[in-house]
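Report on the structure
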2 protein chains.
Amino acid sequence: MTGQPDYEIFEAGDVPLQSGAIFPAMKLAYKTYGALNSAKDNVILYPTSFSAQHVDTEWLIGPDGVLDSTRYFIIIPNLFGNGLSSSPSNSGIGSFPEVTYHDAIAVQHRLLTERFGITRLALVYGWSMGGMQTYHWAALHPAMVARAAVVCGSARCAPYNYVFLESAKAALTGDPAFRDGRFVEKPVAGYRAMGRVYAGWAMSHGFYRDELWREAGFTSLEDYLVRNWDTTFARRDANDLLTQAGIWQRGDISACPAFGGDLDRALGAIKAHMLLMPGATDRYFDVRDNEDELGKLVNAKSAVLHPIPSLHGHRAGNPVNNPRDQAFLKAEIAALLDK
Amino acid sequence: MTGQPDYEIFEAGDVPLQSGAIFPAMKLAYKTYGALNSAKDNVILYPTSFSAQHVDTEWLIGPDGVLDSTRYFIIIPNLFGNGLSSSPSNSGIGSFPEVTYHDAIAVQHRLLTERFGITRLALVYGWSMGGMQTYHWAALHPAMVARAAVVCGSARCAPYNYVFLESAKAALTGDPAFRDGRFVEKPVAGYRAMGRVYAGWAMSHGFYRDELWREAGFTSLEDYLVRNWDTTFARRDANDLLTQAGIWQRGDISACPAFGGDLDRALGAIKAHMLLMPGATDRYFDVRDNEDELGKLVNAKSAVLHPIPSLHGHRAGNPVNNPRDQAFLKAEIAALLDK
């Protein structure tokens with residue numbers, strides 16, 4: 001990067017975490033798109049997914065995009081551990097504290113209220129870990145969230161999802177660069193192993209059977225694995241990746257203090273218009289987990305489950321260069337915003 | 001092990017492989033159960049699965065088992081690379097040649113004909129890589145195979161299955177013990193990483209959601225992962241594991257010289273009674289791959305697809321301590337043997 005960074009920092013000061021620890025001088029990096037209107041009622045919050053920074057996800061934003069920045073004021077808060085907000089790689093803290101979605105939402109809430117005076121969100125939209133943050137927003141601030149779109153996300157990390165992450169972590173930490181519980185240098189083989197584990201989980205049986213990687217210009221399966229997956233995680237600090245995997249695995253709206261471990265109560269707290277939009281062939285955010293949740297959204301203004309009819313697995317919800325799934329998302333979000 | 005080994009060795013001599021190379025002094029380890037009758041028409045061939053030796057799979061054999069050794073003469077041929085038949089760990093060959101199912105079936109065929117004078121198989125039964133060997137037997141020796149039970153197997157390694165194996169291999173070879181293309185010592189972290197990758201792929205979403213590991217006596221998810229998966233591959237030589245993963249990934253009946261890459265022709269060569277019995281929730285040997293094959297078994301005496309209705313994923317076909325799936329297998333095989 002040259003010149004000025006393209007994002008702002010919200011200095012949250014010393015933040016008490018859900019774990020009871022205090023995070024010193026915690027920083028939330030964020031970027032805004034479009035303009036806040038005078039009524040402050042055109043706000044969309046768009047939290048980030050695993051290993052992503054706002055530059056990775058802002059492609060969704062635009063006049064013709066899924067999120068329209070000519071009408072809405074869109075804020076991307078970078079999730080802790082992504083290398084821009086407080087993370088092992090930039091905090092100078094030897095033993096990085098255990099952070100949760102609850103902690104992330106608390107600081108995002110302060111950003112919205114303290115810096116912008118925002119008290120109402122037209123929409124919270126998130127994919128994957130962003131979808132889990134969206135669920136937390138809807139449950140923790142029901143009066144504030146008018147609409148929530150959970151794209152390939154869930155209210156808590158399902159056991160199968162947890163096991164997938166165990167395998168990704170084991171692949172990454174099998175590298176010799178992982179010593180005494182942390183990475184002391186770049187895990188070259190570990191990055192590759194984690195990428196290959198992801199390749200199977202993120203996409204579907206049909207994606208590989210029908211060789212849909214050809215649509216993105218890859219010439220062979222090996223070409224796809226090498227160029228799309230082997231180095232996809234190498235751009236991130238490996239300790240940062242472990243921190244975010246931990247947030248993901250601990251993800252559970254019912255674990256927030258307000259709900260005392262009661263998932264029915266946590267889901268019942270939600271009042272927004274809820275759109276659950278899993279990928280029909282997603283393997284770790286399984287449609288069945290959203291199905292279980294749907295019946296418990298008893299106080300939502302509306303709650304619908306609209307799986308994305310796609311062979312792109314988890315990536316159906318992040319359809320870069322995938323016009324079909326992108327059109328589906330766009331139509332669904334337009335309908336949600338009209339509610 | 002103390003005393004005499006419980007198996008025999010068939011010395012195959014110098015064997016020309018499908019690749020064109022010659023394998024010097026190739027050895028096939030096998031064990032027999034029950035007695036060959038005078039008509040030599042009571043033979044069941046039961047090839048082994050990934051990393052398994054006959055001691056791991058013989059639990060299926062018994063008077064009350066799926067395969068009845070009081071009526072049938074059952075032969076387990078250990079697959080090359082399993083540490084008993086010729087393998088990197090026991091052959092003293094620096095660069096172990098590329099072996100295929102075609103090569104394995106050729107030596108097994110010699111064992112049956114040269115040592116026992118067997119010209120007819122009542123049944124070939126195999127799970128997983130054993131199921132792929134079963135398919136090869138049925139296609140390569142149609143006049144010899146009366147019945148074939150392909151349990152969680154396929155005619156060729158599907159792309160998704162291939163990608164799964166890429167992830168398992170990447171996890172194993174991410175270990176520092178892997179140097180210049182081979183393991184120079186035991187990959188402790190690699191074994192664990194491979195086990196955790198397997199944990200997600202071998203079992204199903206529902207298995208973890210419903211905590212079915214409790215039925216086998218595990219007390220927590222972590223307990224299950226640690227005791228069932230973290231060390232499951234450590235009992236095998238890591239170079240042997242890579243050799244078998246390669247056989248699996250190259251597995252394709254149509255790649256046998258007789259069929260010139262034509263899968264329809266290879267499937268059309270099969271004349272046996274075919275029972276395709278995938279696990280309903282198997283993720284790497286997907287039911288859909290067997291469905292695609294079923295319509296092409298145009299010359300089989302009969303061909304049926306009976307998925308095992310189970311949440312045990314790929315392990316539905318290897319139901320140790322799983323009486324429900326075991327009963328399903330037993331009934332299906334009894335019906336097949338009655339044809």
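Refer to the structure above for everything that follows.
Parameters at a glance
- Counting restarts for each chain, with residues numbered from 1 along the sequence as it is written.
- The order in which chains are written sets their letters, starting at A; the order in which ligands are written sets their numbers, starting at 1.
- Only residues with pLDDT of at least 70 get local features here, since the model is predicted, and only at 80 or more are side-chain atom pairs given and counted; chain-wide, interface and lining totals rely on the full set of residues.
- The basis for every side-chain value is the complete set of non-hydrogen atoms in the structure, without hydrogens or water.
- Here a strand is any run of E in DSSP of at least two residues, a helix any run of H or I of at least four, and the numbering for each starts at the N terminus.
- Just to be clear, the radius of gyration here is over C-alpha atoms, and the globule rule we use is 2.2 Å times residues to the power 0.38.
- Categorising residues by exposure relies on relative accessible area from a 1.4 Å probe, with only protein chains included: less than 20% of the type maximum marks a residue as buried, more than 50% marks it as exposed, and the intermediate range marks it as partly exposed.
- Every residue pair with non-hydrogen atoms within 4.5 Å of one another is taken to be in contact.
- Note on areas: these come from Shrake-Rupley sampling with a 1.4 Å probe, and a residue is covered only by the protein chains present in the view.
- Charge counting follows a simple rule: Lys and Arg are positive, Asp and Glu are negative, and His as well as the terminal groups are ignored.
- Lys charges are placed at NZ, Arg charges at CZ, Asp charges at CG and Glu charges at CD.
- Any helix carries an expected span of 1.5 Å times its number of residues minus one.
- Distance and chemistry together define a polar contact, namely a pair of N or O atoms within 3.5 Å, with one atom able to donate a hydrogen and the other to accept it when in protein, and with adjacent residues in sequence counting only for side-chain atoms on both sides.
- Buried area: the sum, over both parts, of the accessible surface (1.4 Å probe) that disappears when the two are put together.
- Salt bridges are defined as contacts in which a side-chain nitrogen from Lys or Arg sits within 4 Å of a carboxyl oxygen from Asp or Glu.
- Two strands are counted as paired when DSSP detects at least two bridges linking them.
- We call a crossover right-handed when, viewed with the strands running away from us, the connection from the first strand over the helix to the second turns clockwise.
- Whenever a helix is involved, its axis is fitted only over the stretch in contact; in every case the axis is a line through C-alpha atoms, and angles between N-to-C directions fall within 0 to 180 degrees.
- In superposing the copies, a least-squares fit is computed on C-alpha atoms, taking residues whose pLDDT is at least 70 in both.
- Note that the term roughly parallel is reserved for angles under 35 degrees, roughly antiparallel for angles over 145, roughly perpendicular for angles of 65 to 115, and oblique for everything else.
- In this scheme the crossing of two helices becomes right-handed for a clockwise turn of the near helix relative to the far one and left-handed for an anticlockwise turn of less than a right angle.
- When residue character is reported, Ala, Val, Leu, Ile, Met, Phe, Trp, Tyr, Cys and Pro are called nonpolar, Asp, Glu, Lys and Arg charged, and the others, Gly included, polar.

1. Here we look at the overall build of chain A
- Counting its secondary structure elements, chain A contains 12 helices and 10 strands.
- For 339 residues, the compact-globule formula gives about 20 Å, and the C-alpha radius of gyration of chain A, at 19 Å, lands near that figure.
- Here the C-alpha coordinates of chain A stretch approximately 50 × 45 × 45 Å along the principal axes.
- Within chain A, the fraction of its 339 residues that count as buried is 60%.
- Considering only contacts in chain A between residues 6 or more positions apart, those separated by 24 or more positions represent 72%.
- With the model as given, the accessible surface of chain A reaches about 12,400 Å², and the carbon-plus-sulfur share is 51%.
- Taking the average place of the 31 positive charges on the side chains of chain A and the average place of its 36 negative ones, the gap between the two points comes to 2 Å.

2. Considerations on helix α9 (residues 238-250) of chain B
- For α9 of chain B, built from 13 residues, the straight-helix expectation of 18 Å at 1.5 Å per residue is met to within 8% by its first-to-last C-alpha distance of 19 Å.
- For α9 of chain B, the N-terminal cap is Asp237 of chain B; the gap from its side-chain oxygen to the backbone nitrogen of Asn239 of chain B is 2.9 Å.

3. What about the interface of chain B and chain A?
- Each partner contributes residues to the interface: chain B has 32 residues there, and chain A has 32 residues.
- Counting each side, the surface lost to burial between chain B and chain A is near 2,700 Å², with a carbon and sulfur contribution of 68%.
- If you sort the residues of chain B by the area they bury against chain A, Tyr160, Val163 and His205 of chain B come out on top, with a joint share of 25%.
- For the interface between chain B and chain A, the tally reads 2 salt bridges.

4. Describing the pairing of strand β10 (residues 302-305) of chain A
Residues and elements named next belong to chain A.
- With 4 bridges joining them, strand β9 (residues 273-277) and β10 adopt parallel strand pairing. Opposite Leu276, over in β10, you have Leu305 as the bridge partner.
- Crossover handedness for the path β9 to helix α11 (residues 287-294) to β10: right-handed.

5. A closer look at the sheet that holds β10 of chain A
Residue and element names in this part refer to chain A.
- One open sheet holds the 8 strands; their spatial order is β1-β2-β4-β3-β5-β6-β9-β10, and the pairing between them is mixed. Pairing within the sheet leaves two strands with one partner each, and these edge strands are β1 (8-16) and β10. On average, adjacent strands in this sheet sit at an angle of 20° to one another, irrespective of strand direction.
- When strand β3 (residues 43-45) meets strand β5 (residues 123-127), the two strands line up parallel, connected through 2 bridges. Counted as the bridge partner of Ile44 is Leu123 from β5.
- Lying on the sheet, helix α4 (residues 129-140) is in contact with β3, β5, β6 (147-151) and β9; it crosses β5 at an angle near 150°.
- Running over the sheet, α11 touches β9 and β10 and is turned about 155° from β10.

6. Some points on the pairing of strand β1 (residues 8-16) of chain B
All names here are of chain B.
- The pairing of β1 with strand β2 (residues 22-33) spans 7 bridges and is classified as antiparallel. Across the sheet, residue Glu8 finds its bridge partner in β2, namely Tyr30.
- Taken together, β1 and the strand that follows it, β2, pair antiparallel across an intervening segment of 5 residues, in which Gly20 is found at a positive phi of about 105°.

7. A word on the relation of the copies chain B and chain A
- Expressed as a screw transformation, the operator carrying chain B onto chain A has a rotation angle of 180° and an axial translation of 0.0 Å, and the superposed copies differ by an RMSD of 0.0 Å. Look at the turn and shift together and you get a two-fold axis relating the two. Relative to the rotation axis, the closest C-alpha in chain B is found at Ala171 of chain B, a distance of 2.4 Å.

8. Points about the packing of helix α5 (residues 159-173) of chain B against α9 of chain B
Residues and elements named next belong to chain B.
- One way to put it is that α5 packs onto α9 with a least axis distance of 10 Å and a crossing angle of 165°. With respect to α9, the element α5 is oriented roughly antiparallel. As for the relative orientation of α5 and α9, their crossing is left-handed in sense. Across the interface between the two elements, Asn161, Tyr162, Phe164, Leu165, Glu166, Lys169, Leu172 and Thr173 from α5 touch Ala238, Leu241, Leu242, Ala245, Trp248 and Gln249 from α9.
- In the contact of α5 with α9, the residues fall into 9 nonpolar, 3 polar and 2 charged.

9. Remarks on the packing of helix α6 (residues 188-202) of chain A against α5 of chain B
- Direction vectors running N to C along α6 of chain A and α5 of chain B enclose 155°, while the axes themselves pass 8 Å from each other. If you check the angle between α6 of chain A and α5 of chain B, you find them roughly antiparallel. Crossing of α6 of chain A against α5 of chain B: the hand is left-handed. On the side of α6 of chain A, the interface is formed by Arg192, Ala193, Arg196, Val197, Ala199 and Gly200 of chain A, while α5 of chain B contributes Tyr160, Val163, Glu166, Ser167, Ala170 and Ala171 of chain B.
- Of the residues assigned to the contact of α6 of chain A with α5 of chain B, the class counts are 7 nonpolar, 2 polar and 3 charged.

10. Describing the side chain of Ser167 of chain B
- As for its placement among the helices and strands, Ser167 of chain B is situated in helix α5.
- A polar contact is formed between the side chain of Ser167 of chain B and the backbone oxygen of Phe164 of chain B, at a distance of 2.6 Å.
- Residues contacting Ser167 of chain B, with those up to four places away along its chain left out, are Arg196 and Val197 of chain A together with Val197 and Trp201 of chain B.

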